Amino acid sequence: RRLLTQEDKGDSYGEIEGHMVIVDLSDAHGQDFRIGKVTRKIDRKTFEVHYYETNSKARSMNQWAYFPNYYVLQDSGESKEVNTLKNASDSVPNTNVFTVDELLFTPFHLTKKHRVPKEIEKLQGDSPSKNLA
């Protein structure tokens, strides 16, 4: 895995809103990397990220399409996670707050097919791609 370099971090302090990032949620239970869009810069080192998830069953990451992840309240009172570009009016974006130290690689944009660009996928090697679903 490749963490952001100091040069990358300098770039990420600027106009990062609207860019996609990969965040590291790994812990003692194993590696866990997620994709999301920076929706808000809270301060110089802290960002709100809206998670993006995939419904793809493809084996290769370069075939996975990512969409914004929302919680939708069901009639039963439970919430269901939905990955869609067209969220319902009563849906709640699945967001979290991260520091720049938790970001991997450089910020990027998804392709027109909602996929991670090949240059970002190549930076990852094998580790994150196994855990980005």
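The residue count restarts for each chain, going from 1 along the sequence in the order it is written. Selection of residues for local features in this predicted model requires a pLDDT of at least 70, selection of side-chain atom pairs for listing and counting requires 80 or more, and totals for whole chains, interfaces and linings are taken over all residues. Computation of side-chain values: all heavy atoms of the structure, hydrogens and water removed.

Enquirer: I'd like a description of the overall build of the chain, backed by residues and values.
Expert: Secondary structure summary: the chain contains two helices and eight strands in total. N-terminal to C-terminal, the α/β element order of the chain is α-β-β-β-β-β-β-β-β-α. Exposure classes here rest on a 1.4 Å probe applied to the protein chains alone. A residue is buried below 20% of its type maximum, exposed above 50%, and partly exposed in between. Counting only residues that meet the buried cut, the chain has 38% of its 133 residues in that class. Considering only contacts within the chain whose residues lie at least 6 apart along the sequence, 51% involve residues at least 24 apart. Approximately 7,900 Å² of the chain is accessible, and the part contributed by carbon and sulfur atoms is 45%. Where helices and strands are cited, they refer to DSSP runs of H or I of at least four residues and of E of at least two residues respectively, numbered from the N terminus. Pairs of residues are marked as contacts when any of their non-hydrogen atoms sit within 4.5 Å. Using a 1.4 Å probe, accessible areas were evaluated by the Shrake-Rupley method; residue-level cover was limited to the displayed protein chains.

Enquirer: Describe the packing of aromatic side chains, listing the residues and the values that go with them.
Expert: For any pair of aromatic rings, the description consists of the separation of the ring centres together with the inter-plane angle of the planes. Note on aromatic pairs: the rings of Phe, Tyr and Trp (six-membered ring only in Trp) are paired at centre separations within 6.5 Å, and the planes decide the class, stacked below 30 degrees, edge-to-face beyond 60, tilted for the rest. Inspection of every chain in the model, using the stated rule, returns two aromatic pairs. Their ring planes at 70 degrees and their centres at 6.5 Å tell us that Trp 64 and Tyr 66 sit as a pair that is edge-to-face. Judged on exposure class, the residue Trp 64 and its partner Tyr 66 are both buried.

Enquirer: Which residues make up the pairing of strand β3 (residues 46-54), and what are the values?
Expert: Every regular strand shows the same layout, with side chains that alternate between the two sheet faces. Of all the nine residues making up β3, nine are buried; the element is thus mostly covered by neighbouring parts of the structure. On β3, burial covers both faces: Thr 46, Glu 48, His 50, Tyr 52 and Thr 54 on one face and Phe 47, Val 49, Tyr 51 and Glu 53 on the other are all buried. Strand direction decides the pairing type here: strand β2 (residues 33-43) and β3, joined by seven bridges, are antiparallel. Paired with Ile 35 across the strands is Tyr 52, a residue of β3. Criterion used throughout: strands pair if DSSP finds at least two bridges between them.

Enquirer: Residues and numbers for the confidence of the model for the chain, please.
Expert: Mean pLDDT over the chain stands at 82; residues scoring 70 or higher make up 80%. This model gives residues 126-131 a pLDDT under 50, and the stretch forms 10 contacts once residues within four places in sequence are excluded. Values of pLDDT, the confidence the predictor places in each residue, fall between 0 and 100.

Enquirer: Describe in detail the nonpolar core, supporting the description with residues and values.
Expert: Note on soluble globular proteins: their nonpolar side chains tend to be buried together. To define a nonpolar core, start from buried Ala, Val, Leu, Ile, Met, Phe, Trp, Tyr and Cys residues and group those joined through side-chain atoms within 4.5 Å. One finds Ile 22, Ile 35, Tyr 66, Phe 108, Leu 110 and Val 116 to be the most contacted residues of the largest nonpolar core, which totals 14 residues. Elements supplying a minimum of two residues to this core: β1 (20-24), β2 and β8 (103-108). Here this core gets three residues from one element, more than from any other, and that element is β8. Val 21, Val 49, Tyr 51 and Val 100 belong to the second largest nonpolar core, which has 10 residues in total.

Enquirer: How would you explain the side chain of Ser 91 if you had to name every residue and give the values?
Expert: In this fold, Ser 91 is placed in the loop between β5 (79-83) and β6 (92-93). The class of Ser 91 is buried, set by a relative accessible area of 11%. Engagement of the side chain of Ser 91 in a polar contact is seen with the side chain of Asn 87, the distance being 3.2 Å. Leave out the neighbours within four places in its chain, and Ser 91 touches Tyr 70, Tyr 71 and Val 72. N or O atoms closer than or at 3.5 Å make up a polar contact, with two conditions inside protein: a donor-capable atom paired with an acceptor-capable one, and, for residues adjacent in sequence, both atoms drawn from side chains.

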